[in-house]
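Listed below are the residues making up each chain.
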Amino acid sequence: MDEKTEELRELFVDVTDAETVTEQQENPRGSIADDGSDDGRLGDIVARMREEFGFDTSLSDDDLVTVVEGFYGGDSDTAIAEELGVAPDTVFRARLDLHLIRDRDADAPFDLADLRNLLGEDASTGDIAAELDVAPDTVRRYRRVLRAREEARSVSERFRSEFEDVVADADLTARLTTDMKEDGLQDATDGMETNVSF
C-alpha cells in the first residue's frame, strides 16, 4: 500500500469507526459471473417437457438436468448412470424422453423404416421381433428411438434447441469469466518484478 492510500484508509477508519474499508460485493442480476441459474433454466425446460409429453423415466427433474448436462458434456450413458447411481438403460430412456438422440442410437440391426412400417400395422412386439429376426427388447429399444424422433419433430426440435441455448450461454459465460480473470490478473501483474528466490 502506498503512502497516500494508507493515509486515506486511516482517515476513513477514523471518520466512520469502521473496522474495514471494503464491503462484500454481490453479483448483480444478470452478472456474467452468476453461475447458479443454468440448472434452473434447464430444470424449467425439463418440467415443461414432462408436462407436454409425460416421461417413461422414474428419474427426478434434477436427475434429468444431470442427464442433459452429461449429454452436452460428451459423457456416455454409462458415465452419467454412474454419477446418478442408476443403470445405463435408465439414462438411455431418460435421454430419449428429453429428445437427446445420439447418432448411434439409430444404428439398428435392421432398417428402421421396416420397423416404422410394422409399427404402423399395429403388429405386436413379438411378431415384429420375429419378422425382423431380433429379440423383443431390441424392438422396444428402437421403438423408443423412433418415438423420440417423432416427438422431437412434432415440436420442431424446440426443446433440444432450448437446451443447446442454455448450454451455449453457460459455456460462453465460463469462457468469458475465465478470460476476464486472466486478463485482470495480467493487467494487475504487468510491470511487477517477479524476481523471487526461495
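Our subject is the structure that appears above.
Scope of this entry: the structure provided in the associated data block. Please read these numbers as outputs of a predicted model, since none were measured by experiment. (Residues numbered from 1 in each chain as written. Predicted model: local features only at pLDDT ≥ 70, side-chain atom pairs only at ≥ 80, totals over all residues. Heavy atoms only, no water.)

**Quick word on the overall build of the chain**
Moving on, step 1. The helix and strand tally for the chain stands at nine helices and zero strands.
Moving on, step 2. For the chain, long-range pairs separated by at least 24 residues make up 64% of all intrachain contacts whose partners lie at least 6 apart in sequence.
Moving on, step 3. Total accessible area computed for the chain in this model is approximately 13300 Å², and 45% of it derives from carbon and sulfur atoms. (Helix = DSSP H or I, 4+ residues; strand = E, 2+ residues; numbered from the N terminus. Contact = heavy atoms within 4.5 Å. Areas by Shrake-Rupley, 256 points an atom, 1.4 Å probe, with all protein chains shown as cover.)

**Some remarks on the pattern of salt bridges**
Moving on, step 1. Across all of its chains, the model carries eleven salt bridges by this definition.
Moving on, step 2. Note that Arg158 is salt-bridged to Glu52, the shortest N-O span being 3.0 Å. On the criterion of sequence distance, the pair formed by Arg158 in helix α9 (residues 158-189) and Glu52 in helix α2 (residues 38-53) is long-range, its members being 106 residues apart.
Moving on, step 3. By relative accessible area, Glu52 is classed as partly exposed at 42%.
Moving on, step 4. For Arg95, the salt bridge is made with Asp105, and the minimal N-O distance between the two is 2.8 Å. Here Asp105 lies in the loop between α5 (88-97) and α6 (112-120) and Arg95 lies in helix α5, a separation of ten residues in the sequence.
Moving on, step 5. The class of Asp105 is buried, set by a relative accessible area of 4%. (Salt bridge = Lys/Arg side-chain N within 4 Å of Asp/Glu carboxyl O. Buried < 20%, exposed > 50% of the residue type's maximum accessible area, 1.4 Å probe, protein only.)

**Looking at the nonpolar core**
Moving on, step 1. Counting 22 residues, the largest nonpolar core has Val46, Leu64, Val67, Val68, Leu98 and Phe163 as its most contacted members.
Moving on, step 2. Broken down by element, this core gets its largest block of residues, five residues, from helix α3 (residues 61-72).
Moving on, step 3. With residues up to four places along the chain from it excluded, the contact list for Leu98 reads Val46, Met49, Phe55, Leu64, Val67, Val68 and Phe163.
Moving on, step 4. Ranked by size, the runner-up nonpolar core spans 18 residues in total, among them Leu115, Ile128, Val139 and Tyr142. (Core = buried A, V, L, I, M, F, W, Y, C linked by side-chain atoms within 4.5 Å.)

**Structural notes on the side chain of His99**
Moving on, step 1. If you trace the backbone, His99 turns up in the loop between α5 and α6.
Moving on, step 2. There is a polar contact of 3.1 Å between the side chain of His99 and the side chain of Glu151. (Polar contact = N/O pair within 3.5 Å; in protein donor to acceptor, adjacent residues only side chain to side chain.)

**Considering the packing of α3 against α5**
Moving on, step 1. Orientation of α3 relative to α5, taken along the N-to-C sense of each, is 85°, at an axis distance of 10 Å. Here α5 runs roughly perpendicular to α3, going by the angle between their axes. Facing Leu64, Val67 and Phe71 of α3, the residues of α5 in contact are Val91, Ala94 and Arg95.
Moving on, step 2. Considered class by class, the residues forming the contact of α3 with α5 number five nonpolar, no polar and one charged. (Axes fitted to C-alpha atoms, helices over the stretch in contact; angles between N-to-C directions. Parallel < 35°, antiparallel > 145°, perpendicular 65-115°, else oblique. Nonpolar A, V, L, I, M, F, W, Y, C, P; charged D, E, K, R; others polar.)

**A word on the packing of aromatic side chains**
Moving on, step 1. The tally for this structure, following the rule as stated, stands at three aromatic pairs.
Moving on, step 2. For the ring pair Phe71 and Tyr72, a centre distance of 5.0 Å and an interplane angle of 90° mean the geometry is edge-to-face.
Moving on, step 3. For Phe71, a relative accessible area of 10% translates into the label buried.
Moving on, step 4. For Tyr72, a relative accessible area of 23% puts it in the partly exposed group.
Moving on, step 5. Ring geometry for Phe110 and Tyr142: centres 5.7 Å apart, planes at 80°, overall edge-to-face. Placement of Phe110 in the loop between α5 and α6 and of Tyr142 in helix α8 (residues 136-154) is noted, with a sequence separation of 32 residues between them. Summarising the burial analysis for this pair, Phe110 and Tyr142 share the class buried.
Moving on, step 6. A cation sits over an aromatic face here: Arg141 above Phe92, 3.8 Å from the ring centre.
Moving on, step 7. Across from the ring centre of Phe159, 4.3 Å away, lies the NZ or CZ of Arg158, which sits over that ring. (Phe/Tyr/Trp six-rings, centres within 6.5 Å; stacked < 30°, edge-to-face > 60°. Lys NZ or Arg CZ within 6 Å of the ring centre and 35° of its normal.)

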